[in-house]
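Here are the chains, one letter per residue:
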Amino acid sequence: MHFQKPDKKFCLLLGLAFAAGFLAGLCLVAKGDVISTEKAGLFGDYYLHQYSYLDIDRTELAILVAKERGKWLLLMWALGFSGSGVFFVYLFAGVWGFLEAIFFAQAFLKKGIAGIGLAVLFGMPQLLIYVPLWIWFLWEVQKQSRICGRMKRMGTVNQNNRQYLLRLVAAGVGLLLGILTESYVNSWMIQQVLRMI
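As a starting point, this report considers the structure included with it. This is a predicted model, so every value here is computed, not measured.

Before going further, it helps to examine the packing of aromatic side chains. Counted according to the given criterion, the structure contains 14 aromatic pairs. Aromatic side chains F10 and Y90 sit 6.0 Å apart centroid to centroid with 50 degrees between the ring planes, which places their arrangement in the tilted category. Of this pair, F10 sits in helix α1 (residues 8-31) while Y90 sits in helix α4 (residues 85-111), and the two are 80 residues apart along the sequence. For the pair formed by F10 and Y90, the shared burial category is buried. Here W72 and F92 contribute two aromatic rings whose centre-to-centre distance is 6.4 Å and whose plane-to-plane angle is 55 degrees, an arrangement assigned as tilted. Of this pair, W72 sits in helix α3 (residues 58-79) while F92 sits in helix α4, placing them 20 residues apart in sequence.

Here you go:
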């Protein structure tokens, strides 16, 4: 199996979709419709204190994270079998940007600059593992979607999906690495930092 690096145009368009979602999230936050500083959830003092001393069942956390991340991986992979997968790749990046904007705005509104630092710490697996993995995987989904769309227009069906299945397996292995990092290493590291502050 040959892994192809995503081209610059794709990365630029994906980055623009993410930035558009991020700006939309910030606009919604600025309008005041999304976040209440009294209900800061994850970044509230009570939650952070409880999290720092919580006895976390990391195996259960890994299973929960695997379900959440895995369903998106499978959905995006399945969308590669339709011509509309190209659109959904960019929509996925936009929604991801929107959610990140709300997450970082919530951190900033509750904790100021220290909240941004905490948000980066909470998001370390995303930065180190998930972002490169998703960029590569969305590139593969887009390529497959274009092939399926072209075949459908020609009136034929793509019979050889073995390579695309192998890419799902490779993405699943990368996702598993991210899940283990997020559930075991990152949660332990966050607890240690919260106990110090």
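To continue, consider the nonpolar core. Counting 27 residues, the largest nonpolar core has M76, W134, F137 and L138 as its most contacted members. Among the elements of the structure, α1, α3, α4, α6 (124-154) and α7 (162-196) are those that each provide at least two residues to this core. Of the residues forming this core, the biggest block, eight residues, is contributed by α6. In this structure, L138 is in contact with F10, L14, M76, V89 and F92, ignoring residues within four places of it in sequence.

We now examine the pattern of salt bridges. Counted under the stated rule, the structure contains four salt bridges. Between K143 and E140 there is a salt bridge, with its nearest N and O atoms 3.4 Å apart. Highlighted residues: K143 and E140, both in helix α6, separated by three residues, approximately one helical turn. Under the relative-accessibility criterion, K143 is labelled partly exposed at 23%. Residue R167 is joined to E140 by a salt bridge in which the shortest nitrogen-to-oxygen separation is 2.7 Å. Of the two residues, R167 sits in helix α7 while E140 sits in helix α6, which places them 27 residues apart along the sequence. What you see here is one network of salt bridges that share partners, running through E140, K143 and R167.

The rules behind the values
Residues numbered from 1 in each chain as written. Predicted model: local features only at pLDDT ≥ 70, side-chain atom pairs only at ≥ 80, totals over all residues. Heavy atoms only, no water. Phe/Tyr/Trp six-rings, centres within 6.5 Å; stacked < 30°, edge-to-face > 60°. Helix = DSSP H or I, 4+ residues; strand = E, 2+ residues; numbered from the N terminus. Buried < 20%, exposed > 50% of the residue type's maximum accessible area, 1.4 Å probe, protein only. Core = buried A, V, L, I, M, F, W, Y, C linked by side-chain atoms within 4.5 Å. Contact = heavy atoms within 4.5 Å. Salt bridge = Lys/Arg side-chain N within 4 Å of Asp/Glu carboxyl O.

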